[in-house]
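Analysis of the macromolecular model
Each chain, written out:
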Amino acid sequence: MSERLRISQHTGEEVRPRPRVVLLGDPGTAEFSDVFKVLNAVVPAAAELSAIRDMSELAELSRRQEFPDFIVVVQTWSDEFRFEDVLQLPGFGLLTRVLCCFGPWCVSDGRSRQDWPLALRVPVEHFETALRSEWQQLTAPQQAEPPLPWTAGRDEIFLQRQSDIAPQSPASARCTIQIVSPDRKLAEAWSELVREAGFSISPAETLGQVALWDVDPFNPDLFQRWSEIQQQSPTTKIIALLGFSTPDVVSTLRDHGAAAVVSKLLPLAALLDVIQQRARLGSTSS
């Protein structure tokens, strides 16, 4: 191999520093544990991932000029971490990637107080979707959507997070989806989503390979129905959808047969990913 050809193979990746990711929050909470698991699954081992508990530790990193490329904040209760405190850290600015992941007890913060910019915060149940987008923007910006400005409005945030649904393979049509919801409009929206993705809707009272099950309002009597479904059709995968989730409710739903528990407000493309995963599992086990 000539020296000219040997030189041309260097891309710069071999000397690019590893991205430094810092997870900030209380390690004793369920929210922290869930976020940490997702980070370990999405962020490659080549990155430098560390966890700290409070703002004083983040400030110490700044004093040592160990500036993170990406800060993930796990907010368990309102005002636990204030954005204005982060802004005052040395080295922090508009180019810093930051995502505030808030737990179920902080859902009213966007209405009752306005501290973290809406573009930088997501509920914990949307974290994996948001993380994948942030990570692509950090590591492959030429292939990603441009990041939202901190001042983005609700309409801009909604449009970016509700990304287009990619065309699906013809194999999707072989999977039937059952939709159970007392909310007719919501059921219609989910029906339209799965039809556009190429799935078939199972007739009423007919078991599908995947069941989208609206569990609001929560009623423990539905567990009896789930038990009957598991006896009649062991391969049916139940995806429970709810508006307000806490770790104990999610655990209860899983214990009683839910293959997945997701937010009703999950971006449609992300919800479709969950459906496709369960559909593949169902077809594999059948």
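This text goes with the structure placed above it.
Before going into details, it helps to say that this report is about the structure given with it. (Residues numbered from 1 in each chain as written. Predicted model: local features only at pLDDT ≥ 70, side-chain atom pairs only at ≥ 80, totals over all residues. Heavy atoms only, no water.)

Looking at the sheet that holds strand β2 (residues 48-52)
- Pairing in this open sheet of five strands is parallel, and the strands run β2-β1-β3-β4-β5 from one edge to the other. Either end of the sheet is taken by a strand with one partner, and the two such strands are β2 and β5 (121-123). For this sheet, the mean inter-axis angle between neighbouring strands, taken without regard to orientation, is 20°.
- As paired elements, strand β1 (residues 20-24) and strand β3 (residues 70-75) share four bridges and run parallel to each other. Following the sheet pairing, V22 is matched in β3 by I71.
- Contacts from helix α6 (residues 127-139) reach β1, β3, β4 (97-102) and β5, with the element oriented near 175° to β4. (Pairing = 2+ DSSP bridges. Helix = DSSP H or I, 4+ residues; strand = E, 2+ residues; numbered from the N terminus. Axes fitted to C-alpha atoms, helices over the stretch in contact; angles between N-to-C directions. Contact = heavy atoms within 4.5 Å.)

Considerations on the nonpolar core
- Residues I177, F199, L212, I239, L271 and I275 are the most contacted members of the largest nonpolar core, which totals 22 residues.
- Listing elements by their share of this core, those giving two or more residues are β6 (176-180), α8 (184-196), β8 (210-214), β9 (237-242), β10 (258-263) and α11 (268-285).
- Top element by residues in this core is α11. It accounts for six residues.
- Discounting residues that sit within four places of it in the chain, L271 has contacts with W190, L193, L241, V262 and L266.
- In terms of nonpolar packing, the next biggest core, distinct from the first, is built from 20 residues, V35, F70, L99 and W135 among them. (Core = buried A, V, L, I, M, F, W, Y, C linked by side-chain atoms within 4.5 Å. Buried < 20%, exposed > 50% of the residue type's maximum accessible area, 1.4 Å probe, protein only.)

Some thoughts on the sheet that holds strand β7 (residues 200-201)
- The five strands lie next to each other as β7-β6-β8-β9-β10, forming an open sheet whose pairing is parallel. Strands at the two margins of the open sheet, each flanked by one partner only, are β7 and β10.
- Note: β9 against β10, five bridges, orientation parallel. Paired with I238 across the bridge in β10 is A258.
- Strands β6, β7, β8 and β9 of the sheet are contacted by α8, whose axis makes an angle of about 170° with β6.
- Where helix α9 (residues 222-232) meets the sheet, its contacts fall on β8, β9 and β10, and the angle it forms with β8 comes to roughly 180°.

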